[in-house]
Amino acid sequence: MIIDIKYKLSSSIKKTSNHVLFVDEKFNISSLKKHFSKSEFSYVSDLLKNREEKKKILIFDINSKRKIILISISKNFKGFNVEKLGAEFFDILKDSNIKEYFIISETLSNKLKNLVGHFVHGIRLKSYSFEKYKSKKTKKNITINIIGKNVPDQKDKLKFNAIEEGTFYTRDLVSEPGNVLHPDEYAKRIGSLKKLGLKINILDEKKMKKLGMNTLLGVGQGSIRGSYLVTMEWNGLKDKSKPLAFVGKGVCFDTGGISLKPAKFMEDMTYDMAGSAVVVGLMKSLALRKAKINAVGVVGLVENMPGGNAQRPGDIVKSYSGKTVEILNTDAEGRLVLADALTYTEEKFKPKFIIDLATLTGAIIVSLGSEYAGLFSNNDKLSNQLI
C-alpha cells in the first residue's frame, strides 16, 4: 500500500470530502462548525452523547461518499501517544475503500510540537509491509492531504523521514529469509551505506582470527558462509568527543548448532539477527538526518550451523578479552558473539556508553510476554532515559 502525503496551505476544501478533525479528550466540536453543514453538526453532536468513553477515534458515516473522523488528543499526550493514534488510523484506512482524506491540521490547539508530524509518522510506520517475494502485491494507493499551517517544518520532516527510512531498512533486513541474507550478503549491504557518509570497516575471518576473536568465530565455524565484525562510524560533531556505541547480535540463522533446536518454529530463527538490524537501521537514520552526534554501530554477523566443522559442546575457546570459555551448549551462541563484539567496541572506540541489542533468549518471552522488551542496565539514569 502506498500512502501519499500532500501538504496544502489552502483551507478551501469541499465539505463533501472526507475530513479528519482533531478534538480534545471530551470530543468538544463546538469550534468546528465551519467544517460541517448544519444538519451534519446536529447529527454528529447527537451521536457523541452516547459515544464509547475509551475510544480515541470515532468515525461518522455522513453518507455513502463522506466520512467525518474525529481524533481525540489529550492535553498530556506525548509524541508516541499521537503516533499510536496515527497507527490506529492507518488500520481504518487499509480496511476502507476510500482513496482520499483531508486532515485539517489547525482544528486543535495543543502544546505538543509537531502534533500532525507525529500523527503522520505513526501512519507511515504502520503502513510498512514486506511484499518482496509475493507474486501478488498490494496495489492500493491512498492520498492524505494535510490542510493548514500547523505542519512540520523541513527540518522536522527530514527527521521523521530519516527515522522511517532507518526503521524500514531494519524491518527489510529482519524480514529477509536466511538463504538470501546470510553473513556474506549482510556485510555487503552494510558496506553500501558508505554512500551516506558512514565510515564502514568490515573485519573478515582472517582479520578476526589475528585479533583473537575466537568466541565469535567459534559460532560461525560450522557454516559455509563467512563470519564478520562490521563497524559503522558516524562523526556528526567536529570535536573528538566520545561516541555513543550500539552493538548488535547478527546471527543470520540459528539452528542451535550441534545442540540443535527443535524443528517446530525453527523457521523463525532467521530473526536472530534483529538486534544487529536495529543497529544498522539506526546508523542509517543518523546519517540521513545528519545528526549532530558521534556514534558507532558494531555488529557481529554469523550463521550457527551444525556442519562437520561446527563447534562442539565441551569445546574451550579464548575470547578477544583473553578469557577462556567452555561451551556447554552451542545454542547459547548470542553471548559468544556479543562477548567479542562488546570488548572490541570498548577497547577500539572508548565510548561514552554501550547499548547492545539482541534476541538473546526465549526466556524473556516467558517472563514478559510478547508485548514488552527486556532491558537490563548497570546505569539507572541511562535506562530511564531509554524507557
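Quick caveat, the model's predicted, so the values are computed rather than measured. Once a new chain begins, its residue numbering starts again from 1 and follows that chain's sequence as written. In view of the model being predicted, local features appear only for residues whose pLDDT reaches at least 70, and side-chain atom pairs are presented and counted only at 80 or more, with totals across whole chains, interfaces and linings using the full set of residues. Where side-chain values are given, they derive from all heavy atoms of the structure, hydrogens and water being excluded.

### Things to note about the sheet that holds strand β6 (residues 141–147)
What the six strands build is an open sheet, ordered β1-β6-β5-β2-β4-β3; its pairing is mixed. Looking along the sheet, the strands with just one partner apiece sit at the ends: β1 (2–8) and β3 (57–61). Adjacent strand axes in the sheet meet at a mean angle of 20 degrees when their direction is disregarded. Only strands joined by at least two bridges in the DSSP assignment are considered to pair. Numbered from the N terminus, helices here are DSSP runs of H or I no shorter than four residues, and strands are runs of E no shorter than two. Looking at chain direction, strand β2 (residues 19–23) and strand β5 (residues 100–104) are connected through three bridges and run parallel. Across the sheet, the residue bridging to Val20 is Ile103, located in β5. Contacts from helix α2 (residues 79–94) reach β1, β2, β3, β4 (67–72), β5 and β6 within the one sheet, and its direction differs from that of β3 by about 30 degrees. For this analysis, residues touch if any pair of their heavy atoms sits within 4.5 Å. For every element, the axis is a line fit to its C-alpha atoms; helices are fit only across the contacting stretch, and the angle between N-to-C directions ranges from 0 to 180 degrees. The strands touched by helix α3 (residues 115–126) are β1, β2, β4, β5 and β6; relative to β1, the strand with the most contacts, the crossing angle is about 165 degrees.

### Re unusual backbone geometry
For residues besides glycine, phi is generally negative; the peptide bonds are generally trans as well. In this structure, Phe27 is a non-glycine residue whose phi angle is positive, near 55 degrees. When you line up the elements, Phe27 lands in the loop between β2 and α1 (38–48). Notably, Lys350 is not glycine yet its phi reads approximately 45 degrees, a positive angle. Looking at the secondary structure, you find Lys350 in the loop between α9 (334–349) and β13 (353–357). For every residue, the accessible area obtained with a 1.4 Å probe (protein chains only) is divided by the maximum for its type, and the residue is called buried under 20%, exposed over 50%, and partly exposed between those limits. Taking the relative accessible area as the measure of exposure, Lys350 reaches 53% and is therefore exposed.

### Observations concerning empty space enclosed by the protein
With a 1 Å grid laid over protein atoms only, a set of points is called a cavity when a 1.4 Å probe fits there but cannot get out and a pocket when it is open yet has protein on both sides within 12 Å along at least five of seven lines; lining residues have an atom within 4 Å of a point. Grid points are joined across faces, edges and corners, and a volume is the space filled by probe spheres set on the points. Applying the stated rule across the entire model yields one cavity of 30 Å³ or more. Considered as a void within the structure, the largest cavity measures approximately 60 Å³ in volume. Forming the walls of the largest cavity are Gly218, Val219, Gly222, Gly257, Ile258, Asn304, Met305, Ala310, Gln311, Thr330, Glu333 and Leu336. Here the term charged refers only to Asp, Glu, Lys and Arg, the term nonpolar to Ala, Val, Leu, Ile, Met, Phe, Trp, Tyr, Cys and Pro, and the term polar to all other amino acids, Gly among them. Here the residues of the lining of the largest cavity are counted per class, giving five nonpolar, six polar and one charged.

### Some remarks on the pairing of strand β10 (residues 294–304)
Within a regular strand, the side chains alternate between the two sheet faces. In terms of burial, β10 is largely enclosed, as 11 of its 11 residues are buried. Across the two faces of β10 the burial is the same, with Asn294, Val296, Val298, Gly300, Val302 and Asn304 and Ala295, Gly297, Val299, Leu301 and Glu303 all buried. Summarising the sheet, strand β8 (residues 228–235) and β10 pair through eight bridges and their orientation is antiparallel. Note that in β10 the partner of Tyr228 across the bridge is Leu301. When strand β9 (residues 244–254) meets β10, the two strands line up parallel, connected through nine bridges. Its bridge partner lying in β10, Lys249 is registered against Gly300. Regarding topology, helix α8 (residues 274–288) serves as the crossover connection from β9 to the parallel β10, and that connection is right-handed. We call a crossover right-handed when, viewed with both strands directed away from the observer, the connection leading from the first strand over the helix to the second proceeds clockwise.

### Quick word on the sheet that holds β9
The strand order across the open sheet formed by five strands is β7-β8-β10-β9-β13, and the pairing between neighbours is mixed. The open sheet terminates on both sides in strands that have one partner only, identified here as β7 (199–203) and β13. Strand-to-strand twist across the sheet, computed as the mean angle between neighbouring axes with direction ignored, equals 15 degrees.

### With respect to α2
Look at α2: 23 Å from first C-alpha to last across 16 residues, which is about the 22 Å you get at 1.5 Å a residue. Turning to α2, its buried residues are Gly79, Val82, Glu83, Leu85, Gly86, Ala87, Phe89, Phe90 and Leu93. The length a helix should cover is 1.5 Å for every residue beyond the first.

### Description of the pattern of salt bridges
The salt bridge criterion pairs a side-chain nitrogen of Lys or Arg with a carboxyl oxygen of Asp or Glu, the two atoms within 4 Å. Evaluated as defined, the whole model comprises 16 salt bridges. Ionic pairing is found between Asp4 and Lys6, a salt bridge with its closest N-O pair at 3.9 Å. Two residues, Arg189 and Glu185, come together in a salt bridge whose shortest N-O distance is 2.8 Å. Within this pair, Arg189 and its partner Glu185 are both found in helix α5 (residues 183–191), separated by four residues, close to a single helical turn. Each of Lys132, Glu176, Glu185 and Arg189 takes part in a single network of salt bridges with overlapping partners.

### Some words on α1
Three or more residues of α1 are buried, namely Glu40, Phe41, Val44 and Leu48. Down the axis of α1, the buried set is contained in an arc of 100 degrees. They therefore lie on one face. Residues of α1 that are exposed and point more than 90 degrees away from the buried face comprise Lys38 and Ser39. The secondary structure elements touched by the buried residues of α1 are β3 and β4. When we speak of the arc, we mean the arc of directions from the helix axis to the C-beta atoms.

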